[in-house]
Amino acid sequence: MKIAFVCLGNICRSPMAEFVMKDMTNKHIINSFATSAYHIGEDMHKDTKELLIKNNIKCDNFICRQISLEDVKYHDIIFALDDEILNTLQNRFQEHKNKIQSFCTYCNLGYKNVPDPWYSGNFEEVYMIIKHSCKNILKAIDEENINCN
Ligand code: 4NP
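Residues numbered from 1 in each chain as written. Predicted model: local features only at pLDDT ≥ 70, side-chain atom pairs only at ≥ 80, totals over all residues. Heavy atoms only, no water.

Participant: Teacher, can you tell me more about the pairing of strand β2 (residues 29-34) here?
Facilitator: Taken residue by residue, a regular strand's side chains alternate between the two faces of the sheet. Most of β2 sits out of view: five of its six residues are buried. The pairing of strand β1 (residues 2-7) with β2 spans six bridges and is classified as parallel. Looking at the pairing, Ala4 lines up with Asn31 of β2. Following the backbone out of β1, through helix α1 (residues 13-24) and into the adjacent parallel β2, one traces a crossover that is right-handed. (Buried < 20%, exposed > 50% of the residue type's maximum accessible area, 1.4 Å probe, protein only. Helix = DSSP H or I, 4+ residues; strand = E, 2+ residues; numbered from the N terminus. Pairing = 2+ DSSP bridges. Right-handed = clockwise from strand over helix to strand, strands pointing away.)

Written out as C-alpha coordinates, the structure reads:
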(Lines give C-alpha, C1' and ligand atoms only; values in the text may rest on other atoms or scores of the structure.)
Protein backbone atom coordinates (compact mmCIF):
# COMPACT_ATOMS: atom_id res chain seq x y z
CA MET A 1 0.00 0.00 0.00
CA LYS A 2 1.16 3.57 -0.66
CA ILE A 3 0.73 5.68 2.46
CA ALA A 4 1.20 9.45 2.93
CA PHE A 5 1.27 11.44 6.17
CA VAL A 6 0.46 15.13 5.98
CA CYS A 7 0.92 18.01 8.44
CA LEU A 8 1.28 21.78 8.10
CA GLY A 9 5.03 22.19 7.77
CA ASN A 10 6.32 18.66 6.96
CA ILE A 11 9.18 19.26 9.34
CA CYS A 12 7.86 18.05 12.73
CA ARG A 13 4.89 15.64 12.83
CA SER A 14 4.55 14.04 9.40
CA PRO A 15 8.28 13.25 8.94
CA MET A 16 8.18 11.68 12.41
CA ALA A 17 5.21 9.53 11.33
CA GLU A 18 6.97 8.64 8.06
CA PHE A 19 10.15 7.38 9.72
CA VAL A 20 8.45 5.71 12.68
CA MET A 21 6.24 3.79 10.23
CA LYS A 22 9.21 2.94 7.97
CA ASP A 23 10.97 1.58 11.06
CA MET A 24 7.98 -0.71 11.77
CA THR A 25 7.51 -2.19 8.29
CA ASN A 26 9.04 -2.48 4.85
CA LYS A 27 5.88 -3.82 3.24
CA HIS A 28 4.58 -0.40 2.19
CA ILE A 29 5.62 2.75 0.36
CA ILE A 30 5.58 5.57 2.90
CA ASN A 31 5.97 9.32 2.34
CA SER A 32 5.14 12.58 4.08
CA PHE A 33 4.16 16.05 2.93
CA ALA A 34 3.14 19.56 4.01
CA THR A 35 -0.03 21.45 3.13
CA SER A 36 1.99 24.68 3.36
CA ALA A 37 4.96 25.86 1.32
CA TYR A 38 6.76 27.27 4.41
CA HIS A 39 9.70 24.88 4.55
CA ILE A 40 9.94 23.29 1.08
CA GLY A 41 13.43 21.90 0.45
CA GLU A 42 14.49 21.95 4.10
CA ASP A 43 15.47 19.07 6.37
CA MET A 44 13.14 18.10 9.22
CA HIS A 45 13.11 20.06 12.50
CA LYS A 46 16.25 19.37 14.54
CA ASP A 47 14.22 18.16 17.55
CA THR A 48 12.29 15.64 15.40
CA LYS A 49 15.62 14.40 14.02
CA GLU A 50 17.23 14.20 17.47
CA LEU A 51 14.30 12.27 18.87
CA LEU A 52 14.30 9.77 15.98
CA ILE A 53 18.06 9.23 16.27
CA LYS A 54 17.74 8.81 20.05
CA ASN A 55 15.23 6.02 19.39
CA ASN A 56 17.48 4.35 16.79
CA ILE A 57 15.13 5.24 13.93
CA LYS A 58 16.83 5.92 10.62
CA CYS A 59 15.86 9.29 9.13
CA ASP A 60 18.43 10.15 6.45
CA ASN A 61 17.89 12.01 3.18
CA PHE A 62 14.73 13.82 4.10
CA ILE A 63 13.58 16.84 2.09
CA CYS A 64 10.40 18.73 2.98
CA ARG A 65 7.75 18.65 0.22
CA GLN A 66 4.36 20.28 -0.28
CA ILE A 67 1.62 17.85 -1.35
CA SER A 68 0.46 18.06 -4.98
CA LEU A 69 -2.49 16.56 -6.84
CA GLU A 70 -0.09 14.01 -8.34
CA ASP A 71 0.96 12.94 -4.84
CA VAL A 72 -2.67 12.53 -3.81
CA LYS A 73 -3.39 10.44 -6.92
CA TYR A 74 -0.30 8.27 -6.37
CA HIS A 75 -1.01 7.29 -2.75
CA ASP A 76 -3.72 4.84 -1.68
CA ILE A 77 -4.31 6.44 1.68
CA ILE A 78 -3.51 9.87 3.07
CA PHE A 79 -3.44 10.56 6.81
CA ALA A 80 -4.01 14.10 8.07
CA LEU A 81 -2.24 14.71 11.37
CA ASP A 82 -4.91 17.13 12.64
CA ASP A 83 -8.43 18.30 11.82
CA GLU A 84 -7.31 21.54 10.20
CA ILE A 85 -5.09 19.55 7.83
CA LEU A 86 -7.98 17.14 7.18
CA ASN A 87 -10.22 20.07 6.18
CA THR A 88 -7.55 21.66 4.01
CA LEU A 89 -6.86 18.40 2.18
CA GLN A 90 -10.53 17.54 1.71
CA ASN A 91 -11.22 21.00 0.28
CA ARG A 92 -8.11 21.13 -1.89
CA PHE A 93 -8.51 17.61 -3.28
CA GLN A 94 -12.28 17.14 -3.26
CA GLU A 95 -12.28 14.41 -5.89
CA HIS A 96 -10.05 12.25 -3.69
CA LYS A 97 -11.82 12.91 -0.42
CA ASN A 98 -12.40 9.21 0.21
CA LYS A 99 -8.70 8.40 0.55
CA ILE A 100 -8.06 11.22 3.04
CA GLN A 101 -8.41 10.16 6.69
CA SER A 102 -7.72 11.43 10.17
CA PHE A 103 -4.53 9.93 11.66
CA CYS A 104 -5.96 10.13 15.18
CA THR A 105 -8.75 7.70 14.34
CA TYR A 106 -6.05 5.10 15.02
CA CYS A 107 -4.66 6.65 18.17
CA ASN A 108 -6.87 5.16 20.93
CA LEU A 109 -5.40 7.51 23.52
CA GLY A 110 -8.15 10.13 23.47
CA TYR A 111 -6.34 12.57 21.17
CA LYS A 112 -8.39 14.11 18.34
CA ASN A 113 -5.32 15.78 16.84
CA VAL A 114 -1.58 15.32 17.00
CA PRO A 115 -0.58 18.51 18.86
CA ASP A 116 1.85 20.62 16.85
CA PRO A 117 5.27 20.61 18.59
CA TRP A 118 6.22 23.70 16.56
CA TYR A 119 4.03 25.51 19.11
CA SER A 120 3.97 23.12 22.10
CA GLY A 121 7.65 22.13 22.03
CA ASN A 122 6.58 18.68 23.24
CA PHE A 123 8.16 16.30 20.74
CA GLU A 124 8.05 13.34 23.16
CA GLU A 125 4.26 13.54 23.41
CA VAL A 126 4.02 13.60 19.61
CA TYR A 127 6.34 10.61 19.35
CA MET A 128 4.21 8.62 21.80
CA ILE A 129 0.99 9.38 19.87
CA ILE A 130 2.61 8.62 16.53
CA LYS A 131 4.10 5.30 17.66
CA HIS A 132 0.75 4.20 19.00
CA SER A 133 -1.22 5.26 15.92
CA CYS A 134 1.23 3.78 13.41
CA LYS A 135 1.07 0.42 15.16
CA ASN A 136 -2.74 0.50 14.99
CA ILE A 137 -2.71 1.58 11.32
CA LEU A 138 -0.47 -1.36 10.39
CA LYS A 139 -2.72 -3.71 12.33
CA ALA A 140 -5.80 -2.33 10.53
CA ILE A 141 -4.08 -2.76 7.15
CA ASP A 142 -3.05 -6.33 7.98
CA GLU A 143 -6.58 -7.15 9.06
CA GLU A 144 -7.95 -5.41 5.93
CA ASN A 145 -9.85 -3.17 8.26
CA ILE A 146 -8.94 0.08 6.59
CA ASN A 147 -11.00 1.90 4.02
CA CYS A 148 -9.27 3.36 1.00
CA ASN A 149 -10.65 3.46 -2.50
P1 4NP B 1 4.49 20.47 11.51
O2 4NP B 1 4.85 21.74 12.42
O3 4NP B 1 3.20 20.84 10.78
O4 4NP B 1 4.28 19.36 12.48
O5 4NP B 1 5.66 20.26 10.59
C6 4NP B 1 4.97 23.04 11.93
C7 4NP B 1 6.14 23.44 11.33
C8 4NP B 1 6.26 24.74 10.89
C9 4NP B 1 5.23 25.64 11.06
C10 4NP B 1 4.06 25.24 11.67
C11 4NP B 1 3.93 23.94 12.10
N12 4NP B 1 5.38 27.00 10.62
O13 4NP B 1 4.46 27.80 10.86
O14 4NP B 1 6.41 27.32 9.99
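Participant: Can you walk me through the environment of Val20 in this structure?
Facilitator: Among the secondary structure elements, Val20 is positioned in helix α1. Residues Val20 and Cys59, spaced 39 residues apart in sequence, show a C-alpha to C-alpha distance of 9.0 Å. Setting aside residues no more than four positions away along its own chain, Val20 makes contact with Leu52, Ile57, Tyr127, Ile130, Lys131 and Cys134. (Contact = heavy atoms within 4.5 Å.)

Participant: Could you clarify how one ought to interpret the sheet that holds β1 in this entry?
Facilitator: The pairing of strands in a sheet happens through backbone hydrogen bonds and is either parallel or antiparallel. The strand order across the open sheet built from four strands is β2-β1-β3-β4, with neighbouring strands paired in parallel fashion. Each edge of the open sheet is held by one strand with a lone partner, namely β2 and β4 (100-102). Averaged over all adjacent pairs, the angle separating strand axes in this sheet is 25°, with direction ignored. Sheet analysis places strand β3 (residues 77-80) next to β4, joined by three bridges and oriented parallel. Within the sheet, the bridge partner assigned to Ala80 lies in β4 and is Ser102. (Axes fitted to C-alpha atoms, helices over the stretch in contact; angles between N-to-C directions.)

Participant: So what exactly am I meant to see when it comes to the side chain of His28 here?
Facilitator: For His28, the position within the fold is in the loop between α1 and β2. By relative accessible area, which is 14% here, His28 ends up buried. Each residue touching His28, except ones within four places of it in the same chain, is listed here: Met1, Ile3, Leu138 and Ile141.

Participant: Before we go on, may I ask you to explain the site of the ligand in this structure?
Facilitator: Taken together, Cys7, Leu8, Gly9, Asn10, Ile11, Cys12, Arg13, Tyr38, His39, Asp116, Trp118 and Tyr119 make up all the residues around the ligand. In this structure, an oxygen atom belonging to the ligand sits 3.2 Å away from a main-chain N or O atom of Asn10. Isolated, the ligand exposes 360 Å² of accessible area, and the fraction of that covered by the protein chains is 93%. Among the residues forming the shell around the ligand, the class breakdown is seven nonpolar, three polar and two charged. (Near = heavy atom within 4 Å. Polar contact = N/O pair within 3.5 Å; in protein donor to acceptor, adjacent residues only side chain to side chain. Areas by Shrake-Rupley, 256 points an atom, 1.4 Å probe, with all protein chains shown as cover. Nonpolar A, V, L, I, M, F, W, Y, C, P; charged D, E, K, R; others polar.)

Participant: In this structure, what is going on with α1? I would like to understand it.
Facilitator: An α-helix turns once per 3.6 residues; consequently, residues spaced three or four apart project the same way. Given a rise of 1.5 Å per residue, 12 residues ought to cover 16 Å, and the 17 Å separating the end C-alpha atoms of α1 matches this to within 8%. Within α1, nine of the 12 residues are buried, leaving the element largely enclosed by the surrounding structure. Along α1, the positions that sit buried rather than exposed are Arg13, Ser14, Pro15, Met16, Ala17, Glu18, Phe19, Val20 and Met21. Next to the buried residues of α1 lie β1, β2, α2 (46-54), α5 (117-120) and α6 (123-142). (Expected span 1.5 Å × (residues − 1).)

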